[in-house]
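# Structural overview for review
For reference, the chains in residue letters:
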Amino acid sequence: MKSKLLIAIFSTVAVAMWSLPANAAAGAVYTLTNSSSGNAVMMFNRSANGHLALGGTFSTGGMGSGAGLGSEGAVVLDASNRFLFAVNAASNTISVFSVTSNGLTLVGTTSSYGQNPISLTSFGNMLYVLNDGGAVGGTDTLAGFTVDANGNLHNFSSGIGLSAASVGPAEVSFNTEGNLLVVTEKNTNNVDVFILDSMGNVTGMKIMMSAAETPYGFAFGKHDILIVSDAVGGAANAGAVSSYFVAEDESHHTVTGSAADHQSAPCWIAVTNDGLYAYTTNTGSGTVSSYSVGYAGALMLMNQSAANIGSSSAPVDMAISNDSRSLYVLGPGTGVVKGYTINIDGSLSLQTTMNGLPASASGLAAR
């Protein structure tokens, strides 16, 4: 009798799970308006089948630049999806939001301890911001913060310089272990690797020469593999993606020097949770290219146009959902966010389109 009761309970639960409507809330996607008249985060509710619906617009309490930031990571979530962090480029501040069931609640804004913050990265209770120095000739710097239980930021390090004063930085990110910070420099073709102690303080710096020109966005895959887009100065159909082994002991080497995608200006990178597939947005071509990633980090082009965002869409940032089933792409040129199903073979199938975003929209995060 007891076993029959348990079977009945499990059967009921299973039926209930399979009966969830396709539009049941599963997460959200976020982008910045980056408006010069008042910055805000646009939130899109994400259903179980990956479709998006506008969930609200939330003021950051700061000002955006009014144009694209030329960076990856302008808005990021922490690993627990408790807090969302956003840059206010024209205010030189960082906004912190608490993620709630109803949307976002602004915790507060904090100085970025530099000029023109463009990229953020989160690991545990640490947050780093990349400031690109504002006007030409400004000093590019990093600043580090701890994030307390309420989401308040506490600066513990600032004014950390890159390889030179004005290098055209594109992104800052922790590696998967949280003991390295990486910054790409568009103007110098350098990739900076900062070594961190257990408290998140920078204790050293190594400079890698990029294997191709104009290293831009990047993401870490499995086994200490760093995957970087190479915009090659925006030259037509000359884009590529490179991969590197970058380890905690400061060792590094190039794995794939330049895997061409035959598209223009690849600038942003996203990697699936299992590390098997990497995607890059080709800003000049309006497409997304897909790559397979070998165990040791070797890259192989699968499809140079795995997704067509649109000829004038100028796709920039991308984000993969927590379950690694959906890829979202921001195309500010046409004011669009498109969502794609990531199929088991790494191919992409269009699942949703949201219109009406401002041309200044920057950054993308998903949960």
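Use the structure listed above.
Attention here is on the structure that accompanies the text.

How each quantity is defined
Residues numbered from 1 in each chain as written. Predicted model: local features only at pLDDT ≥ 70, side-chain atom pairs only at ≥ 80, totals over all residues. Heavy atoms only, no water. Helix = DSSP H or I, 4+ residues; strand = E, 2+ residues; numbered from the N terminus. Rg over C-alpha atoms; globule rule 2.2 N^0.38 Å. Contact = heavy atoms within 4.5 Å. Areas by Shrake-Rupley, 256 points an atom, 1.4 Å probe, with all protein chains shown as cover. Phe/Tyr/Trp six-rings, centres within 6.5 Å; stacked < 30°, edge-to-face > 60°. Buried < 20%, exposed > 50% of the residue type's maximum accessible area, 1.4 Å probe, protein only. Pairing = 2+ DSSP bridges. Axes fitted to C-alpha atoms, helices over the stretch in contact; angles between N-to-C directions. Core = buried A, V, L, I, M, F, W, Y, C linked by side-chain atoms within 4.5 Å.

## Concerning the overall build of the chain
- Of regular secondary structure, the chain possesses one helix and 28 strands.
- Since a compact globule built from 367 residues should have a radius of gyration of about 21 Å, the 20 Å found for the chain is in line with a globular shape.
- Viewed in the frame of its principal axes, the chain has a C-alpha envelope of about 75 × 45 × 40 Å.
- For the chain, the share of sequence-separated contacts (at least 6 apart) that also reach a separation of at least 24 residues comes to 47%.
- Carbon and sulfur atoms make up 54% of the accessible area of the chain, which totals about 14400 Å².

## Here's the deal with the side chain of Asn-34
- The residue Asn-34 is located in the loop between strand 1 (25-32) and strand 2 (40-47) in this model.
- Contact partners of Asn-34, with chain neighbours within four places excluded, come to Asn-39, Ala-40, Gly-64, Ser-65, Gly-66, Ala-67, Leu-69, Ser-360 and Ser-362.

## As for the packing of aromatic side chains
- Per the stated rule, a full pass over the model turns up six aromatic pairs.
- With a centroid separation of 5.8 Å and an interplanar angle of 45°, the aromatic rings of Phe-123 and Phe-174 are classed as tilted. Of this pair, Phe-123 sits in strand 8 (residues 117-123) while Phe-174 sits in strand 12 (residues 169-174), and the two are 51 residues apart along the sequence.
- For Phe-123, a relative accessible area of 31% corresponds to the partly exposed category.
- A ring pair is formed by Phe-218 and Phe-220, whose centres lie 6.5 Å apart and whose planes are at 85°; its orientation type is edge-to-face.
- Joined through ring pairs, the aromatic side chains of Phe-123, Tyr-128, Phe-156 and Phe-174 make up one cluster.

## Let's talk about the sheet that holds strand 13 (residues 180-185)
- Here four strands make up an open sheet; going across it, the order is 12-13-14-15 and the pairing antiparallel. Both outer strands of the open sheet, strand 12 and strand 15 (202-209), are each paired with one neighbouring strand and no more. Between one strand and the next, the sheet's axes are offset by a mean angle of 20°, whatever the strand orientation.
- As paired elements, strand 12 and strand 13 share five bridges and run antiparallel to each other. In the sheet register, Val-172 faces strand 13, and the bridge partner there is Val-183.

## Description of the pairing of strand 18 (residues 240-246)
- Counted residue by residue, strand 18 has six buried out of seven residues, so it is predominantly covered.
- Pairing analysis gives six bridges linking strand 17 (residues 225-230) to strand 18, with the strands arranged antiparallel. Within strand 18, the residue paired with Leu-226 across the bridge is Tyr-244.
- Here strand 18 pairs with strand 19 (residues 252-260) via six bridges, running antiparallel. Within strand 19, the residue paired with Val-241 across the bridge is Ala-259.

## Observations concerning the nonpolar core
- In this structure, Tyr-30, Leu-84 and Phe-85 are the most contacted members of the largest nonpolar core, which totals 30 residues.
- Looking at this core, the elements with two or more residues in it are strand 1, strand 2, strand 4 (75-77), strand 5 (83-88), strand 6 (93-100), strand 9 (126-131) and strand 10 (141-147).
- Looking at which element gives the most residues to this core, the answer is strand 5, with five residues.
- If we ignore the near neighbours within four places in the chain, the residues touching Leu-84 are Tyr-30, Val-41, Val-75, Val-76, Leu-77, Ser-95, Val-96, Phe-97, Val-99 and Leu-104.

## Quick notes on the sheet that holds strand 22 (residues 287-293)
- As summarised here, the arrangement of the four strands in space is 20-21-22-23, forming an open sheet in which the pairing is antiparallel. If you trace the sheet from one side to the other, it starts and ends with strand 20 (266-271) and strand 23 (299-308), each paired once. The average undirected angle you get between the axes of adjacent strands in this sheet is 25°.
- Pairing between strand 21 (residues 277-282) and strand 22: six bridges, direction antiparallel. Its bridge partner being in strand 22, Thr-280 is matched across the sheet by Ser-289.

## So, unusual backbone geometry
- Unusually for a residue other than glycine, Asn-92 sits at a positive phi of about 60°.
- Within the secondary structure, Asn-92 sits in the loop between strand 5 and strand 6.
- Here Asn-92 falls in the partly exposed class, since its relative accessible area comes to 25%.
- In this model, Ala-314 sits at a positive phi of 50°, which is unusual for a non-glycine residue.
- If you trace the backbone, Ala-314 turns up in the loop between strand 23 and strand 24 (318-320).

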